[in-house]
Amino acid sequence: CSLFGSHTKSVEFGCVFVASFSQVWLLGHFWLEKSTEEQHFVSAMAYRFSVAALLGLVSLASAQDSPAPPPAPPAPPPLPPATAGAPGAKAVDDFDHDAHMHASRERHLKSMETSGAHYQRGVWSYGDYKHNIDGVTTPHGCAAACEADEGCLHWNFHVVHHRCDLKSEATGHDDGVPDWISGNAKRYVSRPKSSTDL
């Protein structure tokens, strides 16, 4: 057992076990001096068992000698519950998305009153030209982006997500869509209704 350097309990146990088993095997081998097939089979099995036991104990000892993995970091503490009446105490589930959308629409429509650009509640349908214009986060910016682009006739602005879409020749306006406001470029000239439109 001096092959293993520093001894652990499992290595010492393995050495004692293998030495004891080997002595028993040797005694049994000499006791079975007659060379019958059964005696050779028993001897071969005893030898194989002792080798397998030694290898198993060595791998067990090396596994026990390796350092244990570090413990997992502790979980973050739970957030304290909000107390009633405290600022920010309103639960996330109590947020009224519909009321937020209506308030945002009215705020954006009010901001357009002094812009000089055409604006209205609702959305232009079809005639997709450009979607989600980069850097445009207000209806003023959306109207200006449409005016600056020769291919744009209408603009749509989403009042919650602050998304600006430009439209070319659209087929109609839907003023019943509550989460969008829209407008026309100055170059847009609405065609008069024909008798077939009536």
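That block above? That's the structure.
So, here's what we can say about the structure. The model shown is predicted, which means the values in this text are computed figures rather than measured ones.

Reading guide: rules and limits
Residues numbered from 1 in each chain as written. Predicted model: local features only at pLDDT ≥ 70, side-chain atom pairs only at ≥ 80, totals over all residues. Heavy atoms only, no water. Disulfide = S-S within 2.5 Å. Buried < 20%, exposed > 50% of the residue type's maximum accessible area, 1.4 Å probe, protein only. Helix = DSSP H or I, 4+ residues; strand = E, 2+ residues; numbered from the N terminus. Pairing = 2+ DSSP bridges. Arc of directions from axis to C-beta. Salt bridge = Lys/Arg side-chain N within 4 Å of Asp/Glu carboxyl O. Contact = heavy atoms within 4.5 Å. Axes fitted to C-alpha atoms, helices over the stretch in contact; angles between N-to-C directions.

Examining the state of the cysteines
- This model, assessed by the stated rule, comprises two disulfides.
- Between the sulfur atoms of Cys 146 and its disulfide mate Cys 152 the distance is 2.0 Å. Note on the Cys 146 and Cys 152 pair: the S-S dihedral is about -95 degrees, so by sign convention the disulfide is left-handed.
- You can call Cys 146 buried: its relative accessible area is 0%.

Focus: the environment of Thr 138
- Locating Thr 138 in the fold gives a position in the loop between strand E3 (128-130) and helix H4 (139-148).
- Between the alpha carbons of Thr 138 and His 158 there is a distance of 9.1 Å; along the sequence they are 20 residues apart.

Overview of the pairing of strand E4 (residues 154-158)
- Along E4, five of the five residues are buried, which leaves the element largely enclosed by surrounding structure.
- Across the two faces of E4 the burial is the same, with His 154, Asn 156 and His 158 and Trp 155 and Phe 157 all buried.
- Where E4 lies against strand E5 (residues 163-167), five bridges are found, and the strand directions are antiparallel. Bridge pairing links Asn 156 to Asp 165 in E5.
- As consecutive antiparallel partners, E4 and E5 are separated by four residues, and within that stretch His 162 has a phi angle of approximately 55 degrees, a positive value.
- One ladder, built from five bridges, connects E4 with strand E7 (residues 180-184); its direction is antiparallel. Following the sheet pairing, Asn 156 is matched in E7 by Ser 182.

Here's the deal with H4
- Residues Pro 139, Cys 142, Ala 143 and Cys 146 constitute the buried set of H4. Across the axial projection of H4, the buried residues extend over an arc of 100 degrees, all falling on one side.

Here's the deal with the pattern of salt bridges
- Summed over all chains, the structure comprises six salt bridges.
- The salt bridge involving Glu 113 is made with Lys 110; its shortest N-O contact spans 3.4 Å.
- A salt bridge links Arg 187 to Glu 150, with the nearest nitrogen and oxygen atoms 3.9 Å apart. With Arg 187 in the segment after E7 and Glu 150 in the loop between H4 and E4, this pair connects stretches of sequence that are 37 residues apart.
- For Glu 150, a relative accessible area of 66% translates into the label exposed.

Here's the deal with the sheet that holds E4
- Taken in spatial order, the five strands make up an open sheet running E1-E7-E4-E5-E3, and their pairing is antiparallel. Taken across any chain shown, the strands that pair with only one partner, and hence form the sheet edges, are strand E1 (120-121) and E3.
- Summarising the sheet, E3 and E5 pair through two bridges and their orientation is antiparallel. Bridging from a neighbouring strand, Lys 130 pairs with Leu 166 of E5.
- Contacts from H4 reach E4, E5 and E7, with the element oriented near 155 degrees to E4.

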